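In case you want the letters, here they are:
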Amino acid sequence: MPRDLLRRVLTRVAVVAGAGALAVGTITPAATARPVPEPGPGKDRHGVSRYFGGPEGFAIPTVPCDPAGPSATDGLLADQLNPQLNAKMAGHLDAYRMSCARMVTQAVKDRGLNPRAAAIAIATIIVESSMNNYSQAVDYTSLGLFQQQDWWGSREQRLDPVYATNAFFDEVERQYPGGSWNDEAIGEVCWHVQRPREDLRYLYGVEAGDATLIANALWSGMTVGPEHPYGSGRVVSGRSADGRLEAFAAGADGVYHAWQTAVNGAWSQWRFEGGPRNAQLAVAANADGRLELFALSAGTFDHMWQTGPSAGWSGWANFGTGGYRLAAGTNADGRIEVFASNADGVFHRWQTAPSGGWAGWEGTGGGPADARLAMENAPDGRLEVFALSDTTFRHLYQTAVSGGWSAWEDFGGGGHDVAVSHNQDGRLEVFASNATGVFHRWQTSPTSWSAWTGTGGISDAELTTSRSVDGRVEVFAINSVTASHAWQTGPNAAYSAWETFGGGGTEIGASTNADGRIEVFGTSHAGVYHRWQTGFTTWAEWGWLSDSGPAID
């Protein structure tokens, strides 16, 4: 993917008509209608005593945020985050405050919003209440985490973190329609909703960095439904427990590794990790948050893993003999499952306990020889595997959640590459390329599939998928001449026409930043490039991922 080709991209990024780029906030818990807050007594003093009262808060009554109380994980996470904080709460997080932030973050997730929304809410409760759910008014009638006055709801509602969070975002979405809050600074959104005295508005921005760190840490540890697999290939990326992306690229001399030095931020230089040469790679997350990397070459299969969540990496350990392609995913119970193909068919190996040891390799009853593999989780958490060879396409699935496997079923003819994703409603969507373009097939129900449908697209493409922050599937394709991009025009909807995304290359991968922005990785004989969403409707141009990284043929 020479640089001159990579930079041959459209200067306009298509915006889906009517989608407003972000169709967020469509899910709200059933509750009594919440009134729009109006200014009232105490507005000019809003935020003064609460903030300057200190991070330890006031010696006045609080109520639990989680009815079950803080969890052991809340305390452990508070201990991990305290040394990383730089503002008001540095050294003052405890299990109770983390439980409050957890409840707020879960309410944001249940509403269908993204981690950035959680950071907005957490920045607000840091300033307003030092993350304490106050059951006695601090000034006038203000109660709870958000210090909401009585026009926000009843006493019981304002002390319920779920209600209070949704009330807050009702007002966010009233002031920032169509998801436009995503393009506003975190502190600006906070004060526009809370409306403090003018000279205190900056306080929310001060807390934005710490709030983002807390939100990303909580978001990474929360799963609603299955943990969906990352794509496999010559370049792969997964997200550490603290929200930072980690990327791996397979060179002729071994595996190279780069990582974000800050959440949603810049990248380190590439580091050579050794391991199998000219490998196919896959990355998966252990139940305890540690990433694990699998590297399969023609002669060996090795793996390495983080020694702790967001921590450094182990050395390589043998995982099996050589093969052709691989895919890794996570069972609904948290156990990683790995599939690999060779000339004899498709084989798999799985953890015997979450974050634990491994069973031996077992056959799957055949499967296409030397198949390209892709894996996804069905809506109920069952893993499904798709295997495409030059002549055959077959499909395998778990017959029960975290359970055994079906026999192979025919899924279509042969092709060049395969990728799979899931719709916002959970239905799977499969893409395959061949000499005539890119085709797709999707679930019409949890047990039935559409026919194959052509999308146009480029011939004999390497494929990858990602999902926009509002749940729309986005598809990226590259061959030796060009790169292309297509996307759903709405959640669970039809696809746009293909749009040029850059010049040609050898492989393409994609991942999602902690704030929901997609980041795409491309490889060539010259090295590794990346391109990322600068907002949720705009893209940066292609550039090197730090230094050039390994050449990938």
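- As named in an unreviewed UniProt entry, the protein chain is Peptidase M23, taken from Streptomyces tanashiensis.

1. Structural notes on the overall build of the protein chain
Next up, step 1: Across its full length, the protein chain holds 10 helices and 29 strands.
Next up, step 2: The buried share of the protein chain, taken over its 553 residues, is 59%.
Next up, step 3: Accessible surface computed for the protein chain: about 19900 Å², of which carbon and sulfur atoms make up 52%.

2. Here's the deal with the packing of helix H4 (residues 95-110) against helix H5 (residues 115-129)
Next up, step 1: Closest axis-to-axis distance for the H4/H5 pair is 9 Å, and the angle between their directions is 145 degrees. Crossing of H4 against H5: the hand is right-handed. Where H4 approaches H5, its residues Ala-101, Val-104, Thr-105 and Val-108 are matched on the opposing element by Ala-117, Ala-118, Ala-121, Ile-122 and Ile-125.
Next up, step 2: For the contact of H4 with H5, the class distribution of residues is eight nonpolar, one polar and no charged.

3. A look at H5
Next up, step 1: The end-to-end C-alpha distance of H5, which contains 15 residues, comes to 21 Å, matching closely the 21 Å that a straight helix rising 1.5 Å per residue would cover.
Next up, step 2: For H5, the tally of buried residues reaches 15 of 15 residues, placing the bulk of the element in the interior.
Next up, step 3: In the stretch just after H5, Ser-130 is the one whose phi turns positive, near 55 degrees.

4. A look at the sheet that holds strand S26 (residues 507-512)
Next up, step 1: Reading across the sheet, the four strands line up as S26-S27-S28-S29 and stay open at both edges, with antiparallel pairing between neighbours. One side of each edge strand has no neighbouring strand; the edge strands of this open sheet are S26 and strand S29 (543-544).

5. Some details on the pairing of strand S28 (residues 528-532)
Next up, step 1: When you tally the buried positions in S28, you get four out of five residues, the bulk of the element.
Next up, step 2: Here five bridges tie strand S27 (residues 518-523) to S28, and the two strands are oriented antiparallel to one another. Residue pairing in the sheet places Gly-522 in a bridge with Tyr-529 of S28.
Next up, step 3: Count of turn residues in the S27/S28 antiparallel hairpin: four residues, of which Gly-527 carries a positive phi of about 150 degrees.
Next up, step 4: Of the strand pairs in this sheet, S28 and S29 are connected by two bridges, and their pairing is antiparallel. Each residue of the ladder has a partner; that of His-530, found in S29, is Gly-543.

6. Regarding the packing of helix H3 (residues 72-81) against H4
Next up, step 1: In the contact formed by H3 and H4, the axes pass within 8 Å of each other and the chain directions differ by 100 degrees. Relative to H4, the element H3 lies roughly perpendicular. Between H3 and H4, the residues in contact are Asp-74, Gly-75, Leu-77, Ala-78 and Leu-81 and Ala-95, Met-98, Ser-99 and Arg-102, respectively.
Next up, step 2: Within the contact of H3 with H4, the residues separate by chemical class into five nonpolar, two polar and two charged.

7. Some points on the nonpolar core
Next up, step 1: By size, the foremost hydrophobic cluster in this structure holds 53 residues, and its most contacted members are Leu-93 and Ile-214.
Next up, step 2: Secondary-structure elements contributing two or more residues to this core are H3, H4, H5, helix H7 (161-175), helix H8 (186-194), helix H9 (202-206) and helix H10 (208-221).
Next up, step 3: Ranked by residue count, the leading element in this core is H5, at 10 residues.
Next up, step 4: Look past the residues within four positions of Ile-214 in its chain and what remains in contact with it is Leu-81, Leu-85, Leu-93, Met-98, Ala-101, Ile-122 and Ile-126.
Next up, step 5: Of all hydrophobic cores here, the second largest spans 13 residues; its members include Leu-281, Val-283, Ala-285 and Leu-291.

8. Considering the sheet that holds strand S15 (residues 392-397)
Next up, step 1: Ordered by their spatial adjacency, four strands build an open sheet running S13-S14-S15-S16, and the pairing between neighbours is antiparallel. Both outer strands of the open sheet, strand S13 (372-377) and strand S16 (409-413), are each paired with one neighbouring strand and no more. Across the sheet, the mean angle from the axis of one strand to that of its neighbour is 20 degrees, orientation sign disregarded.
Next up, step 2: Across six bridges, the pairing between S13 and strand S14 (residues 383-388) is antiparallel. Residue pairing across strands places Met-375 opposite Val-385, the latter belonging to S14.

9. So, the pattern of salt bridges
Next up, step 1: The tally for this structure, following the rule as stated, stands at 18 salt bridges.
Next up, step 2: In this structure, Arg-111 and Glu-173 form a salt bridge, with 2.7 Å as the shortest nitrogen-oxygen distance. Residue Arg-111 is located in the loop between H4 and H5, and its partner Glu-173 is located in helix H7; the two are separated by 62 residues in the primary sequence. Accessibility classification places Arg-111 together with Glu-173 in one group, the buried group.
Next up, step 3: A salt bridge links Asp-242 to Arg-244, with the nearest nitrogen and oxygen atoms 2.8 Å apart. You'll find Asp-242 and Arg-244 in the same group, each marked buried.

10. Points about the state of the cysteines
Next up, step 1: A complete count under the given rule lists one disulfide for this structure.
Next up, step 2: Two residues, Cys-65 and Cys-100, share a disulfide whose sulfurs are 2.1 Å apart. A torsion of 85 degrees about the S-S bond marks the disulfide between Cys-65 and Cys-100 as right-handed. Taken as a pair, Cys-65 in the loop between helix H2 (48-52) and H3 and Cys-100 in helix H4 lie far apart in primary sequence, 35 residues in all.

11. What about the confidence of the model for the protein chain?
Next up, step 1: Taken residue by residue, the protein chain gives an average pLDDT of 87. The fraction at 70 or more is 88%.
Next up, step 2: For residues 222-226, every residue scores under 50 in pLDDT, and the model assigns this stretch 12 contacts once sequence neighbours within four places are set aside.

12. Digging into the packing of aromatic side chains
Geometry of an aromatic ring pair is reported as the spacing of the ring centres plus the angle between the planes.
Next up, step 1: Counted under the stated rule, the structure contains 24 aromatic pairs.
Next up, step 2: Seen from their ring centres, Phe-411 and Trp-449 are 4.9 Å apart, and the 90 degrees between their planes marks the pair as edge-to-face. A residue pair is termed long-range when its members are at least 10 positions apart, and Phe-411 in strand S16 and Trp-449 in strand S20 (residues 448-449) qualify at 38 residues.
Next up, step 3: Between Phe-501 and Trp-542, the aromatic rings sit 5.7 Å apart at their centres with planes inclined by 80 degrees, giving edge-to-face as the arrangement. Here the residue Phe-501 occupies a position in strand S25 (residues 499-503), and Trp-542 occupies one in the loop between S28 and S29, the gap between them amounting to 41 residues.
Next up, step 4: Put simply, the rings of Phe-294, Phe-301, Phe-319, Trp-358 and Trp-361 touch in pairs and so form one group of aromatic residues.
Next up, step 5: Sitting above the plane of the Phe-411 ring, Arg-441 keeps its charged end 4.4 Å from the centroid.
Next up, step 6: The ring of Phe-501 has Arg-531 sitting right over it, with the charged end atom 4.3 Å from the ring centre.

About the criteria used
Residues numbered from 1 in each chain as written. Predicted model: local features only at pLDDT ≥ 70, side-chain atom pairs only at ≥ 80, totals over all residues. Heavy atoms only, no water. Helix = DSSP H or I, 4+ residues; strand = E, 2+ residues; numbered from the N terminus. Buried < 20%, exposed > 50% of the residue type's maximum accessible area, 1.4 Å probe, protein only. Areas by Shrake-Rupley, 256 points an atom, 1.4 Å probe, with all protein chains shown as cover. Axes fitted to C-alpha atoms, helices over the stretch in contact; angles between N-to-C directions. Left-handed = near helix turned anticlockwise from the far one by under 90°. Contact = heavy atoms within 4.5 Å. Nonpolar A, V, L, I, M, F, W, Y, C, P; charged D, E, K, R; others polar. Expected span 1.5 Å × (residues − 1). Pairing = 2+ DSSP bridges. Parallel < 35°, antiparallel > 145°, perpendicular 65-115°, else oblique. Core = buried A, V, L, I, M, F, W, Y, C linked by side-chain atoms within 4.5 Å. Salt bridge = Lys/Arg side-chain N within 4 Å of Asp/Glu carboxyl O. Disulfide = S-S within 2.5 Å. pLDDT = per-residue confidence, 0-100. Phe/Tyr/Trp six-rings, centres within 6.5 Å; stacked < 30°, edge-to-face > 60°. Lys NZ or Arg CZ within 6 Å of the ring centre and 35° of its normal.

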